[in-house]
Amino acid sequence: MSEHPLFNEEHRAIRKTLREFVAKELTPHADRWEAEKGFPDQVFKRMGELGFLGLKYPEEYGGQGGDYLCGVILAEEMMGCLSAGLAMSIGAQTDMVCALLEKMGSGEQKEQYLRPALAGEMIGCLCITEPDAGSDVAAIRTVAEREGDHFVINGQKTFITNGVRADLAIVVARARGSEGAKGMSLLLVEKGTPGFSVSRKLDKVGMHTSDTAELFFEDCRVPAENILGEEGQGFYHIMWELQPERLFGAVSSVAAAQIYLDITLKYVKEREQFGRPIGKFQAIRHRLADLATELEAARQLSYYTAGLIQAGEFPAREITMAKLFATRMANRMADEAMQLHGGYGYMMEYPIQRFWRDSRLIRIGAGTDEIMREIISKQMGL
Ligand SMILES: Cc1cc2nc3c(=O)[nH]c(=O)nc-3n(C[C@H](O)[C@H](O)[C@H](O)COP(=O)(O)OP(=O)(O)OC[C@H]3O[C@@H](n4cnc5c(N)ncnc54)[C@H](O)[C@@H]3O)c2cc1C
């Protein structure tokens, strides 16, 4: 990937270190971890130890004190491991759990949770989605009732990334009787708290290395000081404060699509049919030219948006557009990669089928295509 002027010398050095780490310590194990449908907790520890989980977080809590773009580089380089599930698990830790802890946590909460999370010693998950409330976050039903100096949580969460292995769950729950976006709070629930259980590890089409859980909360009591951020403001904390992290899906999709394209280009130059490399057929050359153009457009929109965030702006519109455009592009790229690999693309021994399965999720997770269009069209006054 050619380096964009957005990145400086320091960023380039971080990218080089990350790329070497991924190639040496992650990619060689990707096939085995995919087959085993999981990867060791040790990967979190190792990445914490090397400072990768804390690239964009304050040194005060064990981070590296880098800027927003360091997080972009992490999201991009992780795709090089060729296991999007692994990259997603790490992303849930860095861009959902750590992001909320850093933005909303008290000094004590940061010491107790953010520091070990950045060190990879505490794995976290963010629990928003419920069986009857996905896109419509304001419809969640999990309740957190105040009883003296405790909150008592009752409810169910589903599709939670890292949920099976998590040491810490950030749970979105509402005050009894509250409705819509009002009355929601974020609560920190540690593994082993009575009443908190993993009811199921869910089996998925792709992203096999990441664990996805269904979680239960039954009279689960947590101290009142475990509230993260302001009581009753949970909806706004997750919808608003996590906006910059939403770009994660876009930049990782661009990086993934580049890999799909590179592998496909190599293949069409080597594979011969009708006495010539299939890449010489105009029908194929033109398709690849279109895909490369779309990829570049997605990259420029994502980087433009990252540049705005880096400059301290809050480009909700561009983040949403980048997420919508880049994830759809990556999904198309994976589909075309399979088409151009023919029968080999459909075989489990080639990575193309994994790209095809994995890339489908990102149009659903972290806000579906339709919800992205809803947000954009609302901003257009529609
Ligand atoms: C592998 C995986 C990992 C995940 N990780 C997490 C996690 O860590 N934490 C977490 O909280 N959640 C997580 N999710 C949940 C994810 O965010 C939701 O699946 C997503 O928001 C969609 O919700 P839903 O699945 O309930 O679909 P629904 O909201 O039921 O949507 C179904 C369909 O209806 C469409 N639709 C809904 N509303 C509208 C509308 N107003 N206009 C037009 N179309 C609409 C949707 O776009 C979609 O096509 C994960 C999901 C998956 C699959």
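Note that the structure is predicted; figures quoted are calculated from it, not measured.

Secondary structure summary: the chain contains 12 helices and 10 strands in total. Against the globule reference of 21 Å for 382 residues, the chain gives a C-alpha radius of gyration of 21 Å, in line with a compact fold. Dimensions of the chain, computed from the C-alpha atoms along their principal axes, are close to 80 × 40 × 40 Å. Out of the 382 residues in the chain, the part that is buried amounts to 47%. In the chain, the share of contacts with a sequence separation of at least 24, taken over all contacts with a separation of at least 6, comes to 73%.

Entries for the chain in the domain assignment read domain 1 (9-122), domain 2 (125-232) and domain 3 (242-379). The C-alpha-based centres of domain 2 and domain 3 are spaced at 32 Å. On the side of domain 3, 7 residues touch domain 2, which itself brings 4 residues to the contact. Of the residues belonging to the side of domain 2 that touches domain 3, the class tally is 2 nonpolar, 2 polar and no charged.

With that out of the way, let us pick up the pairing of strand β3 (residues 150-161). Taken together, the 5 bridges between strand β2 (residues 143-147) and β3 define a ladder with antiparallel strand orientation. What sits directly across from arginine 146, in β3, is phenylalanine 151. What sits between the antiparallel neighbours β2 and β3 is a turn of 2 residues, in which glycine 148 has the positive phi angle 60°. As paired elements, β3 and strand β7 (residues 212-223) share 9 bridges and run antiparallel to each other. By the bridge assignment, histidine 150 is partnered in β7 with proline 223.

Let's shift gears to the packing of helix α9 (residues 282-310) against helix α10 (residues 316-345). For the pair α9 and α10, interaxial distance at closest approach is 9 Å and the crossing angle is 155°. Regarding the angle of α9 to α10, the classification is roughly antiparallel. For the crossing formed where α9 meets α10, the hand is left-handed. Residues Ile284, Arg287, Leu291, Glu294, Leu295, Ala298, Leu301, Ser302, Tyr304, Thr305 and Leu308 of α9 form the contact with α10, whose own contacting residues are Glu318, Ile319, Met321, Ala322, Phe325, Ala326, Met329, Met333, Glu336 and Leu340. Class assignment for the residues of the contact of α9 with α10 results in 15 nonpolar, 2 polar and 4 charged.

Rules used throughout
Residues numbered from 1 in each chain as written. Predicted model: local features only at pLDDT ≥ 70, side-chain atom pairs only at ≥ 80, totals over all residues. Helix = DSSP H or I, 4+ residues; strand = E, 2+ residues; numbered from the N terminus. Rg over C-alpha atoms; globule rule 2.2 N^0.38 Å. Buried ≥ 20, exposed ≤ 12 C-beta atoms within 10 Å, placed from the backbone. Contact = placed C-beta atoms within 7 Å. Domains from an automatic or database assignment. Nonpolar A, V, L, I, M, F, W, Y, C, P; charged D, E, K, R; others polar. Pairing = 2+ DSSP bridges. Axes fitted to C-alpha atoms, helices over the stretch in contact; angles between N-to-C directions. Parallel < 35°, antiparallel > 145°, perpendicular 65-115°, else oblique. Left-handed = near helix turned anticlockwise from the far one by under 90°.

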